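Here are the chains, one letter per residue:
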Amino acid sequence: MEDYLKNNFELEAKRPSEEAQNRWRSAVWLVKNPRRRFRMVADLAKRAEIEKKRRRMQEKIRVALYVQKAALYFIDAVERTEKHKVPDEVKQAGFYISPDELALIVGTHDVKQLEYHAGPEGIAKKLSVSLKNGLSSTEIPTRQNIFGMNKFVEKPPRPFWMFVWDAMQDLTLIMLMVCAVISIGVGIATEGWPKGMYDGIGIILSILLVVLVTAISDYKQSLQFRDLDKEKKNISVHVTRNGSRKKVSIYELVVGDIVNLSIGDQVPADGLYISGYSLSIDESSLSGESEPANVAKERPFLLSGTKVQDGSGKMLVTSVGMRTEWGRLMVTLSEREEDETPLQVKLNGVATIIGKIGLVFAVLTFLVLTARFLAVKAINGQIRNWAINDALKLLNFFAIAVTILVVAVPEGLPLAVTLSLAFAMKKLMKDRALVRHLSACETMGSATCICTDKTGTLTTNHMVVTKIWICGEQKKVENYKPENVSEKVRKTLMHALFLNTGAEVVKGKDGKTEVLGSPTETALLEFGLLFERDFDAERDELKIIKIEPFNSVKKKMSVLVALQGGGVRAFVKGASEIILGMCDKMVGKNGESASISEEQRKNITNAINDFANEALRTLCLAYKDVEKTSNESIPDSNYTLVAVVGIKDPVRPGVKEAVQTCLDAGIVVRMVTGDNINTAKAIARECGILTGDGIAIEGSEIRDRSPEEMAEIIPKLQVMARSLPLDKHKLVTMLRKEFNEVVAVTGDGTNDAPALHEADIGLAMGIAGTEVAKESADVVIMDDNFTTILNVAKWGRAVYINIQKFVQFQLTVNIVALMTNFISACISGSAPLTAVQLLWVNMIMDTLGALAIATEPPHDGLMKRPPVGRNVNIITKIMWRNIIGQSIYQLIVLGVLTFDGKQLLKLNGPNSDATLRTMIFNTFVFCQVFNEINSRDMERINIFRGIFSSWIFVMVMVSTVTFQAVMVQFLGKFADTVPLSRDLWLVSILIGSVSLIVGTVLKFIPVSAKSSRVFEHHDGYEPLPTGPDLA
């Protein structure tokens, strides 16, 4: 069985090949309801068609942007303006340009028409907006009414009745419905009204109940996925409103908003560039053009859906929602369907195998029942005498065979994965983790290694400058006062802090000063504001000519400014050893520039190391006076060192415990950071990541090592400092391909996208992460907290083990239901379980069983085992032990009741046969109820642990028992049951409860491993090594 599954139903969790996807689709056989079973499976043909359509549209947009726009220069501007007269309602609202004209100017890059309106400044006037202060919050509703909302037309959600219709497409249920209708017709003709219709009505009501419960479950799942999808698309945007900068949802953006853009951001709407530095835009998502477009005053057009590749800037929003090029592209193309997960595919394989076995048993049952019936007629000499009742009996045999098929084909297995994943994703959303791809939640249960950033993930990201080295002296900031240095030194330091920054100082709603920017930038500005409160005055003193924003490759940020007395000065800040290497001079006590001696360089390096050993993040600030040139390039050498600052970023509470939990769970935690190696080592020791025998190296060492040397280092590697994004990518690739690790990696920058894409699970930071990083990730950690990553791993393990528990439970029911009816048909010529009863059992084990078992929350014990191995068997030896043991017990009990029940239970009288059949049915159901409780843990004896923490499980149990009681006591005419006495109820429950004792006994039976390697807990987990193995 496992070989068959591996050959036909093996799929990569990330970027599966089309060949593997087609292979398992062609191997699936005997599907009762394709519409429902494959609802969460990608339609490959449709996907290919959408991709072709996307490429065609991108080509059209590319032609429109890069070819057709040239023709617009030759069109007379007056003619065009006549076509775009401003509607009266727009004028009445206080605007003097129509929404359609705005969309056309930006959409077609019409420079001539833009010039006609006096450029972005003229457009801003016609939109009644201040380019400095932005909009007033009170204007938002008016602008939404005139220019529209920033939302795209989406496909309407599927209504509930569509899910009902899907559930009714089940071929076996349709066949049963036909049987029921014929049964009603024949029954009324032979037995009269209303007695003759009870059997048929019972089947119809059971089918309707199954359809309704199935539809409700599927509908609720769809709502969960829809909510998660909305959350995925909800991007935060920085805008200027009421004179201050604030964050708003992309959906709240309106025409006239001033948006602040930085590296990695998605352009949230169509607009015009107002100001900025070295702004470079990746338009490949819209036009397919791989070369980035440089945006400046001469080419000020920005299109929604594109990404900021470099630089920063401000834009004026001119079109939103369906008036943008991106909006028109999105409405034409449907969303990309989610790829099926490996567990879904594997369970489709299991369902196929069981379905084939079930079909054989269903056919055999029908043939045996029919053969016995014909043999009896032949013995009695009535083979040529046929009545309507005989036809009714044959119809009943066929209905039983079809119902066996209903029970035997476990359609619920693959769908249980979707149910479990949807539930896990919803819970993780509450725990601040947004799962972007279904398979990531599943794969996280197999993670053997987490490569994590330091800043913001392991630390709080609340940074404060606590130490400074300046003019040859180390000082604590709390003891550092402006009068301690000369005015010239103070002025130079303030310029280095206030001019070379990506942050802003703004007034909050309460009038207080706030700093907006990255935590590092914020810490530096807050330090500067201790000595100079007027940030804007300092900025306005000098004119900024050029900015080179910080990036993770260069590890520095530079700015070129024009001095008041003439001349140009460059300021640089960044990684301490890199900036120090660029400096050959330092600022003296009186502000003079003096050469750095070898002794002084050694003292500065010692100061940097002292800061780093105290777990402080170190940065150097420097400047250089340069000659003004036409190319305005910022130099890379001969700078004057101004100061070294030490920034404290405390470790998050609970991180040390979370790291220890990961280690207990067999997950290796590696820190990969751009910080100084001494800072990284200090933080790693504090978090419990760096141990005595662990290795901490710099990224440059990985670049220089041979593959053989790397193979020796990587198993002990715990910290990689001063790493570039390419170093992270190389490490992830080696861990996956050379060491067969399942790697989760965190990232926040645009340059982290390749590593996030390469990893088995890419984890992007929700607060510090760029939109480019989030799009490349599988999971977004909304609070940037390492503990949240641990929760994702815990839920990943819970999903896997819950599915295994459900498989164990469902296979037990399958075996018992099949064998009971088949053996009884062979021996007695009748099936003890009727069609209605089997439909009820099918609902218990399928929809309700999945709901109860597949949604159980994780417990701490899950993190005391190693990860789920790659490509382990879904059905383990321990599961087979439990399935076979429980099946034997139930078959013995039901067999004894079927053939000797009357004598044992002392049943007499005309209703004894009906009472016995009801007793068998009731006992069978209670065996499943208690076995469902048994399935909560496949190895531990205490199966009641945490039972009340899973309210869904308790509700399903209570509902099942309640409906079973109603069915037996009050719905006898439809369910073919009779009311049972209190004693018989007690016997049924006691026999069912013995399943708990059987389950306990089975757990004492040892199960041998497959190989000499100690392997496999019940759920495919490898035991943690101990003693000599650990050594």
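Values in this document were obtained by computation on a predicted structure and should not be read as measured data.

Q: Quick question: what am I supposed to make of the overall build of the chain here?
A: Helix and strand content of the chain: 38 helices and 26 strands. Along the first, second and third principal axes, the C-alpha atoms of the chain reach 125 × 80 × 50 Å. Across the 1031 residues in the chain, those meeting the buried criterion constitute 56%. Carbon and sulfur atoms make up 57% of the accessible area of the chain, which totals about 43300 Å². If the 121 positive side-chain charges of the chain are averaged to one point and the 116 negative ones to another, these points end up 4 Å apart.

Q: Looking at this structure, I do not really get the side chain of Q890. What am I missing?
A: Relative to the helices and strands, Q890 resides in helix 34 (residues 877-905). Those residues within four positions of Q890 in sequence are excluded, and the remaining contacts are T812, V816, F924, C927, Q928, N931 and S995.

Q: Teacher, can you tell me more about the packing of helix 34 against helix 35 (residues 912-934) here?
A: Describing two packed helices takes the angle between their axes plus the distance from one axis to the other. Here helix 34 crosses helix 35 at 155°, and the two axes come no closer than 10 Å. With respect to each other, helix 34 and helix 35 are oriented roughly antiparallel. As for how helix 34 packs across helix 35, the hand of that crossing is right-handed. Here Q886, Y889, Q890, V893, L894, L897, T898, G901, K902 and L905 of helix 34 lie close against helix 35, whose contacting residues are S912, D913, L916, M919, I920, T923, F924, C927, Q928, N931 and N934. In terms of residue class, the contact of helix 34 with helix 35 is made up of 10 nonpolar, 9 polar and 2 charged.

Q: Explain the side chain of N922 here, please?
A: Looking at the secondary structure, you find N922 in helix 35. The buried category is assigned to N922, whose relative accessible area is 0%. Setting aside anything within four residues of it in sequence, one finds N922 in contact with Q964, V968, L980, W985 and S988.

Q: Is there a simple way to think about the environment of P87 in this case?
A: If you trace the backbone, P87 turns up in the loop between helix 5 (77-83) and helix 6 (88-92). By relative accessible area, which is 28% here, P87 ends up partly exposed. Separated by 12 residues in the primary sequence, P87 and P99 place their C-alpha atoms 9.5 Å from one another.

Q: Honestly, the packing of helix 11 (residues 160-167) against helix 13 (residues 198-233) in this entry has me stumped. Any pointers?
A: At a closest axis distance of 8 Å, the pairing of helix 11 and helix 13 adopts a crossing angle of 130°. Between helix 11 and helix 13, the angle is such that the two are oblique. Regarding helix 11 and helix 13, the two cross each other, and that crossing is right-handed. For the pair helix 11 and helix 13, the contacting residues are F160, F163, V164 and A167 in the first and V211, L212, T214, A215, I216, D218, Y219 and S222 in the second. Considered class by class, the residues forming the contact of helix 11 with helix 13 number 9 nonpolar, 2 polar and 1 charged.

Q: Even after reading the chapter, I still don't get the nonpolar core, so can you show me in this structure?
A: Note on soluble globular proteins: their nonpolar side chains tend to be buried together. If you look at the biggest cluster of nonpolar residues, it comprises 170 residues, and the most contacted ones within it are M444, I761 and F786. Here the element with the most residues in this core is helix 32 (residues 786-828); it accounts for 20 residues. Membership of the second largest hydrophobic core comes to 46 residues, among which are L102, V254, V267 and F301.

Q: Help me understand a positive patch on the surface in this model?
A: A contiguous patch of positive charge on the surface is contributed by K52, K53, R56 and K60. Along the polypeptide, K52 turns up in helix 4 (residues 44-72).

Q: Just to check I follow, could you spell out the pattern of salt bridges for this structure?
A: When charged atoms on two side chains of opposite charge get close, those side chains can pair. Evaluated as defined, the whole model comprises 34 salt bridges. For E775, the salt bridge goes to K307, with nearest N and O atoms at 3.5 Å. In this pair, E775 is assigned in helix 31 (residues 771-776) and K307 in strand 7 (residues 307-319), connecting sequence segments 468 residues apart. On the basis of relative accessible area, K307 is assigned to the buried category, the value being 10%. The shortest N-O distance in the salt bridge between R703 and D727 comes to 2.8 Å. You can see R703 sitting in helix 27 (residues 699-704) and its partner D727 sitting in helix 29 (residues 725-737), a full 24 residues away along the chain. A single network of salt bridges, built from pairs that share partners, joins D453, K728 and D752.

Q: Could you clarify how one ought to interpret the sheet that holds strand 26 (residues 779-781) in this entry?
A: Strands pair in a sheet through their backbones, by hydrogen bonds, and they do so in one of two ways: parallel or antiparallel. Read from one edge to the other, the open sheet built from 8 strands follows the order 8-26-25-24-9-21-23-22, with strand pairing classed as mixed. The open sheet terminates on both sides in strands that have one partner only, identified here as strand 8 (433-435) and strand 22 (695-698). With direction set aside, neighbouring strand axes in the sheet form an average angle of 20°. Note that strand 22 and strand 23 (residues 717-721) share 4 bridges and pair parallel. Paired with A696 across the bridge in strand 23 is V719.

Q: What's the story with the packing of aromatic side chains in this structure? I'm lost.
A: The final tally for this structure, using the stated rule, is 12 aromatic pairs. Here F366 and F398 contribute two aromatic rings whose centre-to-centre distance is 6.0 Å and whose plane-to-plane angle is 85°, an arrangement assigned as edge-to-face. Separated by 32 residues along the polypeptide, F366 in helix 16 (residues 342-379) and F398 in helix 17 (residues 388-408) bring together distant segments of the chain. Residue class for F366 comes out partly exposed when judged on its relative accessible area of 26%. Using a relative accessible area of 32% as the deciding quantity, one classes F398 as partly exposed. Seen from their ring centres, F373 and F397 are 6.1 Å apart, and the 75° between their planes marks the pair as edge-to-face. Of the two residues, F373 sits in helix 16 while F397 sits in helix 17, which places them 24 residues apart along the sequence. Neither F373 nor F397 differs from the other in exposure class; each is buried. Every member of this aromatic cluster is reached through a ring pair, and the members are F160, F163 and Y219. A cation sits over an aromatic face here: K151 above Y251, 5.5 Å from the ring centre. The side chain of R158 reaches across the aromatic face of F163, ending 4.8 Å from its centre.

Q: Would you explain a nonpolar patch on the surface in this entry?
A: A contiguous nonpolar patch, built from W880, I884, I888, I892, V896 and L904 and spanning about 540 Å² of accessible area, is present on the exposed surface. Note on placement: V896 falls in helix 34.

Q: Can you walk me through unusual backbone geometry in this structure?
A: Most peptide bonds take the trans configuration, and most residues that are not glycine carry a negative phi. With phi around 55°, H109 is a residue other than glycine that occupies positive phi space. Structurally, H109 is set in the loop between helix 7 (99-107) and helix 8 (111-116). Here S128, not a glycine, exhibits a phi torsion of approximately 55°, which is positive. Its location among the elements puts S128 in the loop between helix 9 (119-126) and helix 10 (140-147). With relative accessibility at 35%, the residue S128 sits in the partly exposed group.

Q: Whenever I open this one, helix 18 (residues 412-430) confuses me. Can you help?
A: An ideal rise of 1.5 Å per residue puts 27 Å on 19 residues; helix 18 measures up with 27 Å between its terminal C-alpha atoms. Of all the 19 residues making up helix 18, 16 are buried; the element is thus mostly covered by neighbouring parts of the structure.

The rules behind the values
- Residues numbered from 1 in each chain as written.
- Predicted model: local features only at pLDDT ≥ 70, side-chain atom pairs only at ≥ 80, totals over all residues.
- Heavy atoms only, no water.
- Helix = DSSP H or I, 4+ residues; strand = E, 2+ residues; numbered from the N terminus.
- Buried < 20%, exposed > 50% of the residue type's maximum accessible area, 1.4 Å probe, protein only.
- Areas by Shrake-Rupley, 256 points an atom, 1.4 Å probe, with all protein chains shown as cover.
- Lys, Arg positive; Asp, Glu negative; His and termini not counted.
- Charge placed at Lys NZ, Arg CZ, Asp CG, Glu CD.
- Contact = heavy atoms within 4.5 Å.
- Axes fitted to C-alpha atoms, helices over the stretch in contact; angles between N-to-C directions.
- Parallel < 35°, antiparallel > 145°, perpendicular 65-115°, else oblique.
- Left-handed = near helix turned anticlockwise from the far one by under 90°.
- Nonpolar A, V, L, I, M, F, W, Y, C, P; charged D, E, K, R; others polar.
- Core = buried A, V, L, I, M, F, W, Y, C linked by side-chain atoms within 4.5 Å.
- Patch = residues over 30% accessible without salt bridge, like charges linked within 9 Å, V, L, I, M, F, W, Y side chains within 5 Å.
- Salt bridge = Lys/Arg side-chain N within 4 Å of Asp/Glu carboxyl O.
- Pairing = 2+ DSSP bridges.
- Phe/Tyr/Trp six-rings, centres within 6.5 Å; stacked < 30°, edge-to-face > 60°.
- Lys NZ or Arg CZ within 6 Å of the ring centre and 35° of its normal.
- Expected span 1.5 Å × (residues − 1).

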